[in-house]
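Structural overview for review
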Amino acid sequence: MQILITHGSLARTRVLRFNRLQLCAALAGLVVLLTLLSGTIYNLIFLKAAREGWPLVSPIVKLVVRDEFAQRDRFMRENLDAMARKVGEMQAKLIKLEAMSERVSGLAGVKPEEVLQIAKPALAEGGKGGPFVPADAPSLDQLNGLVGALDEQTEQNTDLFTMIESRLLERRLQSLMVPNSRPVDGPVGSGFGFRADPFSGRAALHTGLDFPADTGTSINAAAGGVVLLAEVHPQYGNMIELDHGRGLITRYAHTSKVLVKIGDIVKRGQPIALVGSSGRSTGPHLHFEVLVDGVPQNPAKFLAAGDGAMVALAKARPKR
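Small disclaimer: the values here were computed from a predicted structure and weren't measured.

Here is what the cut-offs are and how they apply
Residues numbered from 1 in each chain as written. Predicted model: local features only at pLDDT ≥ 70, side-chain atom pairs only at ≥ 80, totals over all residues. Heavy atoms only, no water. Helix = DSSP H or I, 4+ residues; strand = E, 2+ residues; numbered from the N terminus. Buried < 20%, exposed > 50% of the residue type's maximum accessible area, 1.4 Å probe, protein only. Contact = heavy atoms within 4.5 Å. Areas by Shrake-Rupley, 256 points an atom, 1.4 Å probe, with all protein chains shown as cover. Pairing = 2+ DSSP bridges. Polar contact = N/O pair within 3.5 Å; in protein donor to acceptor, adjacent residues only side chain to side chain. Core = buried A, V, L, I, M, F, W, Y, C linked by side-chain atoms within 4.5 Å. Salt bridge = Lys/Arg side-chain N within 4 Å of Asp/Glu carboxyl O. Patch = residues over 30% accessible without salt bridge, like charges linked within 9 Å, V, L, I, M, F, W, Y side chains within 5 Å. Lys, Arg positive; Asp, Glu negative; His and termini not counted. Charge placed at Lys NZ, Arg CZ, Asp CG, Glu CD. Phe/Tyr/Trp six-rings, centres within 6.5 Å; stacked < 30°, edge-to-face > 60°.

**Some remarks on the overall build of the protein**
In terms of helices and strands, the protein carries six helices and 13 strands. Looking at the protein residue by residue over its 320 residues, the buried ones come to 26%. Intrachain contacts of the protein at a sequence separation of at least 6 include 62% that bridge at least 24 residues. Accessible surface, the protein as shown: approximately 21500 Å² in total, 60% of it carbon and sulfur.

Rendered as structure tokens:
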């Protein structure tokens, strides 16, 4: 493309040559310039005229942008209505959650008011007031305030459920550490209490339960704990003691083989030894004892209590 520029009949004519790429760049620059110019005119003149109410320009501008403003207002109202419905649904769910938390906290022995009172600020008594804002048409600020309050309430309920979970887990761990599982399947041959000694025939206290079984029968931990002793005793023979915490110990005696060592952590029902007749014994059996603070207890009370073994443990402790 060529453009001829001349100033008169005697003047020298100038020739400007443009290729296709230069022409496209010039057109693009012109479009950008016109766009910026129109945006500047729109913001500086038309919008200012609409806001300040210029006599001639303002009605024209309002007619042009009226549909745009109406569409924007309708969009905002629809969004606010949707947010209000969502907040209502959240409030309903939170009410159900609070009712459930009260029931569950009662089972766990946790008082919700004590937990939530920590997070609540102290409110002083006195006069109250402020402008009346109807709730049927909430504004964006009101909805943001409601969402913030719901978020705070949710955090408080989360803390409450965390404490409930902790209490329930603590109870679960306590129940796992109480010997209420039979160490050997089978009947009891000799119970806890006074009996005729099998060697001397004299009356003597039998401090545990005897479970007759074949040699090599698996002996399982009555509860989870730590291996406190694994040694040979002159009376008990090959003996194991498990420490379950809180002064609670179980003893397994007369075994033929010990499967654990001192310091091992064992789970409820885990094989720890094999039935035998070592030590002061007349035949293959397991001698099983439960000691609380060093005092022998009747293991039958713990085995019969099942899930209520915690009550048996509480009764076994001496009152102080």
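**Notes on the pairing of strand β7 (residues 225-233)**
Direction of pairing for β7 relative to strand β10 (residues 265-266): antiparallel, over a ladder of two bridges. Across the sheet, residue Gly225 finds its bridge partner in β10, namely Val266. Hairpin remark: β7 followed by strand β8 (residues 237-243), antiparallel, with three residues in the connecting loop.

**What to know about the side chain of Thr250**
Within the element layout of this structure, Thr250 appears in strand β9 (residues 248-258). A polar side-chain atom of Thr250 sits 2.7 Å from a polar atom in the side chain of His244.

**Details of the nonpolar core**
Residues Ile219, Ile240, Leu242, Tyr252 and Ile272 are the most contacted members of the largest nonpolar core, which totals 24 residues. Of all the secondary structure elements, the ones that give two or more residues to this core are β5 (209-212), β8, β9, β11 (271-275), β12 (285-292) and α5 (299-305). No other element matches β12, which puts four residues into this core. For Ile240, the residues in contact, after removing those within four places along its chain, are Val227, Leu229, Thr250, Arg251, Tyr252, Val258, Val260, Ile272 and Ala273.

**Regarding the pairing of strand β4 (residues 203-206)**
As paired strands, strand β3 (residues 193-196) and β4 are joined by four bridges and run antiparallel to one another. Paired with Ala196 across the two strands is Ala203, which belongs to β4. The turn linking β3 back onto β4 is made up of six residues, and Gly201 within it adopts a positive phi angle of 80°.

**Overview of the pattern of salt bridges**
Inspection of the entire model under this criterion finds five salt bridges. In this structure, the salt-bridge partner of Arg251 is Glu241, at a minimum N-O distance of 2.7 Å. Taken together, the residues Arg251 in strand β9 and Glu241 in strand β8 connect sequence positions 10 residues apart. For the residue pair Arg251 and Glu241, the accessibility class agrees, reading buried in each case. The network of salt bridges with common partners includes Glu241, Arg251 and Glu289.

**A word on a negative patch on the surface**
Residues Asp151, Glu152, Glu155 and Asp159 make up a contiguous surface patch of negative charge. Among the secondary structure elements, Asp159 is positioned in helix α4 (residues 140-176).

**Let's talk about unusual backbone geometry**
The phi dihedral of His254 is positive, around 65°, even though this residue is not glycine. Phi angles above zero are rare outside glycine, and Asp293 is one such case at about 55°. With respect to the helices and strands, the residue Asp293 is situated in the loop between β12 and β13 (295-297). Among the residues examined, Asp293 registers a relative accessible area of 37% and is labelled partly exposed.

**Observations regarding the packing of aromatic side chains**
In total, this model carries one aromatic pair according to the counting rule given. Taking 5.3 Å as the distance between ring centres and 45° as the angle between the ring planes, the aromatic pair formed by Tyr252 and Phe288 counts as tilted. With Tyr252 in strand β9 and Phe288 in strand β12, this residue pair connects regions lying 36 residues apart in the sequence. The burial state of Tyr252 is the same as that of Phe288; both residues are buried.

**What about a nonpolar patch on the surface?**
A contiguous nonpolar patch, built from Leu23, Leu27, Leu30, Leu33, Leu34 and Leu37 and spanning about 550 Å² of accessible area, is present on the exposed surface. With respect to the element layout, Leu23 can be found in helix α1 (residues 20-52). Look at Leu23 and you get partly exposed, because its relative accessible area is 33%.

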